[in-house]
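In case you want the letters, here they are:
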Amino acid sequence: MLQRELLYAALGTGFTCLATVLGAGMVFFFKKDMSHTMQKVFLGFAAGVMIAASVWSLLIPAMDMAESRGQNVLLPVGGGFLLGGLFLMALDRLLPHLHIGSDEAEGLPAHWKRTTMIVLAVTLHNIPEGMAVGLSFSVAAQDTTSGALAAALALAIGMGLQNFPEGAAVSLPMRSQGVSRWKAFACGAASGIVEPIFGLLTVLVAGSITGVMSWVLAFAAGAMIYVVVEELIPEAQLGEHSHTGTVSVMLGFLVMMLLDVVLG
């Protein structure tokens, strides 16, 4: 069964990683960097998708699993959610990274190249995404007769939609700063590789320890919500016309909700 779960998880996270790679490939077709407004739109859209995915694809299934095992829902779901947020907070504080459009690096001091730290900033976002997609496909592999596969597909499509511009958001600014097209593409593509890595690792952990799936699902949800609240929404609200970011969050949430309803 674990092999089947890993196969499903590899396919799901492979799709979302491919979306990032294709987005990074836009550097071969466009010379200019994204406008600030477009960056706000993409950040807001990603935030909306991740909020909806956290609720429908992670927290609700986690509660259902806990109830089916006769467990108190509050402990595995609430505890896992809190641990996920703390895990991303620790990574955010420790891992040196630099957000696009910023001149001040975060995390521990490091004399790394600017391009490296920009890739690491996007990689932080992709860690919980990979966990979420991998776990959703793992659940689908366990019970193909339910709507779990449709929910996993909806999540993968939603994540893929926001990963495409995310890949471009790494490669295009690098190109505008004088980095070669191929190096900019490689950096953008590399930011998505973490998704299948963490997706498969999370499935291995959840599959090797009995009864922890509800904990791990909630953990991934907490990690995603941390990214949304700490980084995506604030960055989408920067500058004038903050309503652009707000509307984008709502649009991303709506798209993810519609995907879940249509495919489910």
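From a predicted model like this one, the values you see are computed outputs, not experimental measurements.

Asker: Outline the side chain of Asp-260, listing residues and values.
Answerer: Along the chain, the position of Asp-260 falls in helix α8 (residues 243-263). Although Asp-260 is buried, it makes no salt bridge; Arg-4 carries the closest opposite charge, 19 Å away. Among all residues touching Asp-260, those that are not within four sequence positions of it are Trp-56, Ala-151 and Ala-154.

Asker: Pulling in residues and values, what's your account of a nonpolar patch on the surface?
Answerer: Taken together, the side chains of Phe-15, Leu-153, Ile-157, Leu-161, Leu-254, Leu-258, Val-262 and Leu-263 present a nonpolar region at the surface, about 680 Å² in accessible area. Note that Leu-263 resides in helix α8.

Asker: Go over the side chain of Glu-5, please, and point to the residues and values.
Answerer: Structurally, Glu-5 is set in helix α1 (residues 2-24). In this structure Glu-5 is buried but unpaired, with Arg-4 as the nearest side chain of opposite charge at 8.1 Å. Beyond its immediate chain neighbours, meaning those up to four positions away, Glu-5 contacts Ser-138, Ala-141, Gln-142 and Val-203.

Asker: Hey, could you go over helix α7 (residues 213-236) for me, with residue numbers and the actual values?
Answerer: The end-to-end C-alpha distance of α7 is 33 Å, a good match for the 34 Å that 24 residues give at a rise of 1.5 Å each. Where α7 bends most, the angle comes to about 40°, and this point is Val-228. Counting buried residues in α7 gives 18 out of 24 residues, a clear majority hidden from the surface.

Asker: Summarise the packing of aromatic side chains; cite the residues concerned and give the values.
Answerer: Applying the stated criterion across every chain yields a total of five aromatic pairs. Ring geometry for Phe-28 against Phe-185: centres 5.4 Å apart, planes inclined by 50°, an arrangement best described as tilted. Of this pair, Phe-28 sits in the loop between α1 and α2 (36-68) while Phe-185 sits in helix α6 (residues 181-208); the two residues are 157 residues apart in sequence, bridging distant segments of the chain. By relative accessible area, which is 31% here, Phe-28 ends up partly exposed. Relative to Phe-185, the ring of Trp-182 has its centre 6.0 Å away and its plane inclined at 85°; by these criteria the two rings are edge-to-face. Of this pair, Trp-182 and Phe-185 both sit in helix α6, separated by three residues, roughly a single helical turn.

Asker: Please provide a residue-by-residue account of the nonpolar core, values included.
Answerer: With 50 residues, the main nonpolar core has Met-159, Leu-217 and Leu-232 as its most contacted residues. Among the elements of the structure, α2, α3 (74-94), α4 (114-142), α5 (148-176), α6, α7 and α8 are those that each provide at least two residues to this core. Counting residues per element, this core draws most heavily on α7, at 14 residues. Here Leu-217 is in contact with Ser-57, Leu-58, Pro-61, Ala-62, Met-65, Leu-135 and Val-139, once residues within four sequence places are set aside. Judged by nonpolar contacts, the second largest core, of 15 residues, contains Ile-118, Val-122, Val-170 and Phe-185.

Asker: Which residues make up the packing of α4 against α5, and what values do they have?
Answerer: Any two packed helices are characterised by how steeply their axes cross, that is the angle between the axes, and by the distance between the axes. Running from N to C, α4 and α5 cross one another at 170°; their axes reach a closest spacing of 9 Å. Considering the angle they form, α4 stands roughly antiparallel to α5. Taken together, the residues of the contact of α4 with α5 sort by class into 17 nonpolar, six polar and two charged.

Asker: If you had to explain the pattern of salt bridges to someone new, which residues and values would you point to?
Answerer: Counted according to the given criterion, the structure contains one salt bridge. A salt bridge links Arg-93 to Asp-92; the nearest nitrogen and oxygen atoms lie 3.2 Å apart. For Arg-93, a relative accessible area of 48% puts it in the partly exposed group. Judged by its relative accessible area of 3%, Asp-92 falls in the buried class.

Asker: Which residues make up the environment of Trp-182, and what values do they have?
Answerer: Look at Trp-182 and you get exposed, because its relative accessible area is 63%. On a C-alpha basis, the gap between Trp-182 and Leu-217 in space is 36 Å, while along the polypeptide they are 35 residues apart.

Rules and cut-offs
- Residues numbered from 1 in each chain as written.
- Predicted model: local features only at pLDDT ≥ 70, side-chain atom pairs only at ≥ 80, totals over all residues.
- Heavy atoms only, no water.
- Helix = DSSP H or I, 4+ residues; strand = E, 2+ residues; numbered from the N terminus.
- Buried < 20%, exposed > 50% of the residue type's maximum accessible area, 1.4 Å probe, protein only.
- Lys, Arg positive; Asp, Glu negative; His and termini not counted.
- Salt bridge = Lys/Arg side-chain N within 4 Å of Asp/Glu carboxyl O.
- Contact = heavy atoms within 4.5 Å.
- Patch = residues over 30% accessible without salt bridge, like charges linked within 9 Å, V, L, I, M, F, W, Y side chains within 5 Å.
- Areas by Shrake-Rupley, 256 points an atom, 1.4 Å probe, with all protein chains shown as cover.
- Expected span 1.5 Å × (residues − 1).
- Bend = angle between axes of the 7 residues up to and from the residue.
- Phe/Tyr/Trp six-rings, centres within 6.5 Å; stacked < 30°, edge-to-face > 60°.
- Core = buried A, V, L, I, M, F, W, Y, C linked by side-chain atoms within 4.5 Å.
- Axes fitted to C-alpha atoms, helices over the stretch in contact; angles between N-to-C directions.
- Parallel < 35°, antiparallel > 145°, perpendicular 65-115°, else oblique.
- Nonpolar A, V, L, I, M, F, W, Y, C, P; charged D, E, K, R; others polar.

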